[in-house]
Amino acid sequence: MPDVDILIVGAGPAGCVAAAWAKRAAPELDVVVLERDRAVGTPVRCAEGVGDAGLREFANPEGAPWVARKISRVIFIAPNDSEVRVAERDVGWILDRTRFDAFLAAEAGGLGAAVLVGTEAAGMTPGPHGRWDVRVRSARGETTYRAKVVIGADGVEAMVGRWAGLETRVPARDMESCAQYVVRGIDFDPDAIYLQFGHDIAPGGYAWVFPKGVGIANVGLGLVALKSDGRNAREYLDAWLARRYPRGACAGYTVGGVIVHTTVTQTYTDGVLVAGDAAHMINPLSGGGIVNAMKAGRLAGCTAAAAIRAGDTSARRLAAYHHAWMELLGLDHLKYYRIKRALEDLDDEFFNALARTVNAIPQERRTLGRIFTHALVKHPQLIPVAARFFM
Amino acid sequence: MRRPRAAEVAVVNLAACDRCGLCLPLCPPEAIHLEFDDLVIDRGACTGCRKCVAPCPVGALAMVDA
Ligand SMILES: Cc1cc2nc3c(=O)[nH]c(=O)nc-3n(C[C@H](O)[C@H](O)[C@H](O)COP(=O)(O)OP(=O)(O)OC[C@H]3O[C@@H](n4cnc5c(N)ncnc54)[C@H](O)[C@@H]3O)c2cc1C
Ligand code: SF4
Ligand code: SF4
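Rules used in this analysis
- Each chain has its residues counted from 1, following the order in which its sequence is written.
- Following the order in which they are written, the chains are lettered starting with A and the ligands numbered starting with 1.
- Totals for whole chains, interfaces and linings use every residue, but because this is a predicted model, local features are given only for residues with pLDDT of at least 70 and side-chain atom pairs only at 80 or more, for both listing and counting.
- Excluding hydrogens and water, the side-chain figures rest on all heavy atoms present in the structure.
- Secondary structure elements are defined from DSSP: runs of H or I of at least 4 residues count as helices, runs of E of at least 2 residues count as strands, and each element is numbered from the N terminus.
- Radius of gyration here uses only the C-alpha atoms, and the compact-globule reference equals 2.2 Å multiplied by the residue count raised to the power 0.38.
- The rule is simple: take the accessible area with a 1.4 Å probe, protein chains only, and divide by the maximum for that residue type; under 20% is buried, over 50% is exposed, in between is partly exposed.
- Whether two residues touch is decided by their heavy atoms; if any such pair falls within 4.5 Å, the residues are in contact.
- Strands qualify as paired when DSSP identifies two bridges or more between them.
- By convention, a crossover is right-handed whenever its connection, traced from the first strand over the helix to the second and viewed with the strands pointing away, goes clockwise.
- If even one non-hydrogen atom of a residue comes within 4 Å of a molecule or strand, that residue is called near it.
- For cavity detection a 1 Å grid was placed over the protein atoms alone, and a set of points counts as a cavity when a 1.4 Å probe fits there but cannot get out; an open set counts as a pocket when protein lies on both sides within 12 Å along at least five of seven lines, with lining residues being those that have an atom within 4 Å of a point.
- Occupancy of a cavity or pocket is assigned to a molecule whenever over half of its atoms lie within 2 Å of that pocket's grid points.
- Amino acids outside the nonpolar list (Ala, Val, Leu, Ile, Met, Phe, Trp, Tyr, Cys, Pro) and the charged list (Asp, Glu, Lys, Arg) are all regarded as polar, and Gly is one of them.
- Under this definition, polar contacts are N or O atom pairs within 3.5 Å; protein pairs additionally need one hydrogen-donor-capable and one acceptor-capable atom, and for neighbouring residues in sequence, both atoms have to be side-chain atoms.
- All accessibility values rest on the Shrake-Rupley procedure with a 1.4 Å probe; residue burial counts only the protein chains present in the view.
- Note that the domain bounds were set by an automatic or database domain assignment.
- Here an axis means a line fitted to C-alpha atoms, over the contact stretch when the element is a helix, while the angle between two N-to-C directions is reported on a 0 to 180 degree scale.
- Left-handed describes a crossing whose near helix is turned anticlockwise from the far helix through less than a right angle; right-handed describes the clockwise counterpart.
- Residues belong to a common nonpolar core when they are buried Ala, Val, Leu, Ile, Met, Phe, Trp, Tyr or Cys residues joined through side-chain atoms within 4.5 Å.
- A 1.4 Å probe defines the accessible area here, and the buried area is the portion of it lost by two parts on being joined, summed over both.
- A carboxyl oxygen of Asp or Glu within 4 Å of a side-chain nitrogen of Lys or Arg is what we treat as a salt bridge.
- Grid points are joined across faces, edges and corners, and a volume is the space filled by probe spheres set on the points.

Caption draft 1: Structural context of the overall build of chain B. Secondary structure assignment for chain B yields 0 helices and 4 strands. Each helix (α) and strand (β) of chain B, taken in turn from the N terminus, gives the series β-β-β-β. Whereas a compact globule of 66 residues would reach a radius of gyration of roughly 11 Å, chain B reaches 11 Å, a difference of no more than 12%. Referenced to the eigenvectors of the C-alpha coordinate spread, the extents of chain B come out at roughly 25 × 20 × 20 Å. Within chain B, the fraction of its 66 residues that count as buried is 47%. Long-range pairs, those at least 24 residues apart, make up 65% of the contacts in chain B with a sequence separation of at least 6.

Caption draft 2: Region of interest: the pairing of strand S2 (residues 31-35) of chain A. Residues and elements named next belong to chain A. Of all 5 residues making up S2, 5 are buried, and the element is well covered by its neighbours. Burial of S2 is two-sided: the residues Val31, Val33 and Glu35 facing one way and the residues Val32 and Leu34 facing the other way are all buried. In the sheet, strand S1 (residues 3-9) pairs with S2 via 4 bridges, with the strands oriented parallel. Each bridged residue has a counterpart across the sheet, and for leucine 7 the counterpart in S2 is valine 32. Crossover S1 to S2 through helix H1 (residues 13-25) is right-handed. Here 4 bridges tie S2 to strand S6 (residues 114-117), and the two strands are oriented parallel to one another. Paired with valine 32 across the two strands is alanine 114, which belongs to S6.

Caption draft 3: Representation of the site of ligand 2 within the structure. Residue and element names in this part refer to chain B. Near ligand 2 the following residues occur: Cys17, Asp18, Arg19, Cys20, Gly21, Leu22, Cys23, Leu39, Cys56, Pro57, Val58 and Leu61. Placement of ligand 2 is best described as lying within the largest cavity. Taken together, the residues of the shell around ligand 2 break down into 9 nonpolar, 1 polar and 2 charged.

Caption draft 4: Quick look at the site of ligand 1. All names here are of chain A. In the vicinity of ligand 1 lie 34 residues, with Ala14, Glu35, Ala47, Gly49 and Asp277 positioned nearest. Here alanine 121 contributes a backbone N or O atom positioned 3.0 Å from a nitrogen atom of ligand 1. Contact distances for ligand 1 include 3.0 Å between an oxygen atom and a backbone N or O atom of glycine 289. In the complex, 90% of the free accessible area of ligand 1, which totals 1,000 Å², lies under the protein chains. Contributions of two or more residues to the shell around ligand 1 are made by H1, S2, strand S7 (119-126), strand S14 (249-259) and helix H6 (290-309). Looking at the shell around ligand 1, its residues break down into 13 nonpolar, 11 polar and 10 charged. There are two domains that each give the shell around ligand 1 at least three residues, and those are domain 1 (3-45 + 98-170 + 261-332) and domain 2 (71-92 + 172-259).

Caption draft 5: Broad picture of the packing of H1(A) against H6(A). Residues and elements named next belong to chain A. Two elements in contact, H1 and H6, have axes whose closest approach is 7 Å; the angle formed by their N-to-C orientations is 35°. With respect to the hand of their crossing, H1 and H6 are arranged in right-handed fashion. Residues Pro13, Ala14, Val17, Ala18, Trp21, Ala22 and Ala25 of H1 touch H6, and the partners they reach there are Ile290, Ala293, Met294, Gly297, Arg298, Gly301, Cys302, Ala305 and Arg309. Here the residues of the contact of H1 with H6 are counted per class, giving 12 nonpolar, 2 polar and 2 charged.

Caption draft 6: Examining the nonpolar core more closely. By size, the foremost hydrophobic cluster in this structure holds 58 residues, and its most contacted members are Ile6(A), Ile8(A), Ile151(A) and Met294(A). In contact with Ile151(A), not counting residues within four places along its chain, are Ile6(A), Leu7(A), Ile8(A), Val9(A), Ala18(A), Leu273(A), Ala300(A), Gly301(A) and Ala304(A). Residues Ala202(A), Leu221(A), Ala10(B) and Ile32(B) belong to the second largest nonpolar core, which totals 53 residues.

Caption draft 7: Looking closely at the domain arrangement of chain A. All names here are of chain A. If you check the domain split of chain A, you get domain 1 (3-45 + 98-170 + 261-332), domain 2 (71-92 + 172-259) and domain 3 (342-390). Of the residues lining the interface, 15 residues belong to domain 2; the matching set on domain 3 comes to 11 residues. For the domain 2 and domain 3 pair, buried surface summed over both sides reaches about 1,100 Å², with 53% attributable to carbon and sulfur atoms. At the boundary of domain 2 and domain 3, one finds 1 salt bridge. Among the salt bridges present, the one from glutamate 344 reaches arginine 173, with a minimum N-O distance of 3.9 Å. There are 3 residue pairs in polar contact (both at pLDDT 80 or more) connecting domain 2 and domain 3. For the side of domain 2 that touches domain 3, a count of residues per class yields 5 nonpolar, 4 polar and 6 charged.

Caption draft 8: Structural detail: the interface of chain B and chain A. Contact with chain B, which involves 23 residues of that partner, is made by 31 residues of chain A. Counting each side, the surface lost to burial between chain B and chain A is near 2,100 Å², with a carbon and sulfur contribution of 58%. Counting the surface chain B buries against chain A, the share from its top three residues, Pro25(B), Phe36(B) and Pro57(B), is 31%. Across the pair Glu30(B) and Arg162(A) runs a salt bridge, and its minimum N-O distance is 3.6 Å. In this assembly, chain B and chain A are joined by 12 residue pairs in polar contact (both at pLDDT 80 or more).

Caption draft 9: Expanded view of empty space enclosed by the protein. Residues and elements named next belong to chain B. Inspection of every chain in the model, using the stated rule, returns 2 cavities of 30 Å³ or more. As a volume, the largest cavity reaches approximately 110 Å³. In this structure, the largest cavity is lined by 15 residues; those nearest its centre are Cys17, Asp18, Cys20, Cys23 and Cys56. A per-class count over the lining of the largest cavity returns 12 nonpolar, 1 polar and 2 charged.

So this is what it looks like as structure tokens:
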């Protein structure tokens, strides 16, 4: 039975960054990462957009081989197709997640962590001396790993948390069902990301165009199935594409789930931490989770390493991870979640009117703060939204 | 396989399923499992609650008489 210090389940951004930071904090520890997929970073279940500042905490995007495109504008599209351009400078980047995740895994490997692909965790039970015994399957058969700390970085599935007795189930109202194509041969501003809202387009979510280059983009949408008219996400996407980009050629295709919830109430227990999507650490307004997963991975890796060095991997000690995360982003997500719930009550006509109001502001003065102020004056319906935000 | 305890249970169409994992955290009794390229629903654990069905992005899940 292999005996390791830290066993990480999932080699996405959360797991790879956790492994790297555990090794940085305590190079003497044995750190193993399990990944079910045959190669890190495939298949891609993501629109690949990240904010500039968050990304730079972990890697320099200038000229990096894992970057597809730099983004300098955001274009919101109201339900009635009117466009609102928001002028900003360094908005963010569209990644090539296959290469980016592989880059993160290579960084962890370079620091001495072992990343095992084609290898999945199948369950776990408490072992002796506070250790966990994790059942591990691969083409070579089944073995059991014994670990001092298990980090659940297993994405939307969030099974490690459940095996450890944490509440990581997702209410249906807080699950975005997503479908996405890579579309070629379409006409759009390649320096902008586009977001369209609308009940008939993506109920409870939005549709997006995230450029990967000139004429090629990730085109997808996410919706809340409880609000749908009976069609699934792929059917809504096919309808939207046929209307907006009838001549586009679809290359890749993917589906996936985005948890638009708040952080699970407890992200730790004896010898276990959960991080990233597995702990519902996605921004519930935007659905973005890549940078959050990396920030959580960094905290989890450092916390686990320090706990093992101190010889105490109890829940009491690991609770420091939860508090650090809540301080960093978790409390913000509670606020964003309240805004999300308030926005759910507004109809398409509201967003059409908001687009008209914002377009009356000269584009160079269209900062998000000013948009919000104007919106409050012209659309008193938004006041309860603001009230709930600042409550 | 255990005997079903519900009148209706969920089944998956593996030809349509993309193994995205979205349905796993929606299932209250932990009846859905991913095992590499297989999505397995434990008929004995499924309570027939239907929570997994509509959210599947490709409509790969359906209810059948147990
Ligand atoms: C359609 C779509 C579009 C998105 N667009 C964006 C976007 O533009 N920007 C953004 O910031 N976020 C986006 N997200 C969210 C983003 O993809 C996630 O937040 C991010 O990938 C979370 O990283 P993670 O490391 O927590 O999990 P993941 O990246 O999901 O990694 C988890 C890994 O664990 C592996 N795994 C699971 N179970 C096991 C097991 N039992 N054993 C071994 N391995 C296992 C999986 O194979 C997977 O590789 C999008 C999501 C979807 C579905
Ligand atoms: S949600 Fe649908 S596509 Fe995704 S794993 Fe479940 S059955 Fe398969
Ligand atoms: S119907 Fe309910 S219990 Fe059965 S598999 Fe779906 S979510 Fe799980």
